[in-house]
Amino acid sequence: THTHRFCSIIMCVIDLTQIKRLTVCLISAAFFGSVGSSFLYGYNLSVVNAPASYIKTFYNKTWIDRYNEPIGDGTVTLLWSVTVSIFAIGGLVGALTVSFLIKVLGRKGTLLANNGLALIAALLLALGETAGSFEMLIIGRFIIGMDSGVSLSVLPMYLGEISPRQVRGSIGQFHSIFICLGVFIGQVLGLPEILGQESRWNFLFGFLALPALLQLCVLPFLPESPRFLLMERRDEAGAEKAFQAFLGRSDVSRELEEVHAESRAQNTQRTASVLELFRKRSLRWQLITVIVVMSCYQLCGLNAIWYYTNGILQNAGFQPAVIPYITLSTGGIETLAAVISGLVIEKVGRRPLLIFGFSAMAVFFSLLTVFLHYQDRFSWMPYLSFTSILLLIASFCSGPGGVPFVLTGELFEQSYRPAAFMIAGTVNWLSNFAVGLLFPFIQEALQTFAFLLFVVVCVAGAVYLLLVLPETKNKTFMEISQSFSKINGIPDQTQEREMKDALDTAATNGLQCAEVEMESSF
């Protein structure tokens, strides 16, 4: 039957042997970590769209109450632009604090403390109308931006360090899935029948407190990153308990020894600074790769197509009242593509997903440019334009939407990982801000041909990844580091020898009993 054939195909793509490595503790950490972090970021990307007109009306009412005159069109546009764009500025500030926060609080501790920002932002955004203060909305958007800036760096780091290498990509994709789910829920709650009304829009922002509270209730009972505990806090007992919880078995001596070996190979116990990372020759191309991938993540143009979606649907003849329901399909496609990517990433690999995603986006951006150019000549052309948008979103979420965060955690060893995430976060938020600032001017100058710029970005990203990036699936952090030795011009294999010597020593000390003969999970 067709159903049996479809299931057979799915079984071939998904490596079911890896499902056995997923413990309740690991899934819980990924789920609740993402709920209070990634989900909030995605939700804040979409939640401001539905109540935009009501918020502008509130700005005007507040202005009249204060100054006894209506607000000018230019002023209300400026206030609204600041309200929207200050989210990215807050994100940049949050990303710059990550290295300090995780050094003091740890991975899990930083995620927990970050919920304080989300709760403060929820109060400011929800009560701004009652207090008659549009400044509270602007400050709230800045604070929730800081929350997102911290979580977008810390959560992928935490998930990468607690996951066995055989499922590290799948667990890391929880981050991407919950971003997409947050966008979708923001669209759903913004519908007129739910909270997208003038009397209810403040509840859209009050909802921010729920995921933060949920994470606060559950995450304290889950372990800290065992790698952080062992390599940075020197807490071997705590690391052993964390490994046991995440792996679901009592004998984790092999994993402990592997982390010890990595620690000796690094020859340092302290966290490296950003400047030290830039100076480190053996990490040069890893750093360049992260900067390129994170730049392409924002500059590939996905954010820009939201400017066109409503206009394309209007040109297709849909009534304005129906358009919000049709655009729900974009959020649904995002979430579905991210879930599928998470299911296949350990079978297909990171590199093919990224290259395919950027290449497919280049193709669909090219088609969208053609369809937009001719859509006034043919009544059916807007339907092709909207189909291209859906395929663009699916292409983005199949790889470029989530893999960059997984990759940033995989390309660097423990002491350099915080600095790498700080750089990646800075590039991410600066690129985000640049697109929001410059694209309206580019679109005005080039019209529908503006999307050809994104074709260039996507092609350049795909070519770079094809030439430079090695596959990282099912590899230890040490093995991934060795994959870059040749391109970095580092022929010395001392790290690899150190790891082998350490593991051989462990074997001679009697660690290779029946159960420990299994391959190390980390």
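Residues numbered from 1 in each chain as written. Predicted model: local features only at pLDDT ≥ 70, side-chain atom pairs only at ≥ 80, totals over all residues. Heavy atoms only, no water.

As annotated in an unreviewed UniProt entry, the protein chain is Solute carrier family 2 member 9 from Cyprinus carpio.

A. Representation of the packing of aromatic side chains. All told, the structure shown has 21 aromatic pairs when counted by the stated rule. Centre to centre, the rings of Trp-201 and Phe-205 are 6.1 Å apart; their planes meet at 85 degrees, and the pair counts as edge-to-face. You can see Trp-201 and its partner Phe-205 sitting in helix α9 (residues 201–206), four residues apart, about one turn around the helix. The pair formed by Trp-201 and Phe-205 is uniform in burial state, with each residue classed as buried. With centroids separated by 5.5 Å and ring planes inclined at 20 degrees, the aromatic side chains of Phe-365 and Phe-451 adopt a geometry described as stacked. Taken together, the residues Phe-365 in helix α19 (residues 350–374) and Phe-451 in helix α23 (residues 451–468) connect sequence positions 86 residues apart. Across the pair, Phe-451 and Phe-365 agree in class, each one buried. Aromatic rings pair up to connect Phe-58, Tyr-59, Phe-134, Trp-201 and Phe-205 into one cluster. If you follow Arg-66 out to its NZ or CZ, it ends over the ring of Phe-134, 4.7 Å from the centre. Here Arg-417 stacks its cationic end above the ring of Phe-477, 4.4 Å away from the centre of that ring. (Phe/Tyr/Trp six-rings, centres within 6.5 Å; stacked < 30°, edge-to-face > 60°. Helix = DSSP H or I, 4+ residues; strand = E, 2+ residues; numbered from the N terminus. Buried < 20%, exposed > 50% of the residue type's maximum accessible area, 1.4 Å probe, protein only. Lys NZ or Arg CZ within 6 Å of the ring centre and 35° of its normal.)

B. Representation of unusual backbone geometry in the model. Although it is not a glycine, Arg-234 adopts a positive phi angle of roughly 60 degrees. With relative accessibility at 47%, the residue Arg-234 sits in the partly exposed group. Positive phi outside glycine occurs at Asn-474, with the angle close to 60 degrees. With respect to the element layout, Asn-474 can be found in the loop between α23 and α24 (477–483).

C. Molecular detail of the nonpolar core. Judged by nonpolar contacts, the single largest core of 141 residues is most densely connected at Tyr-59, Leu-277, Phe-365 and Phe-412. The dominant element in this core, judged by the number of residues it contributes, is helix α7 (residues 134–162), at 13 residues. Contacts of Tyr-59, omitting those with residues within four sequence positions, involve Ile-71, Val-76, Leu-79, Trp-80, Thr-83, Phe-134, Leu-137 and Ile-138. (Core = buried A, V, L, I, M, F, W, Y, C linked by side-chain atoms within 4.5 Å. Contact = heavy atoms within 4.5 Å.)

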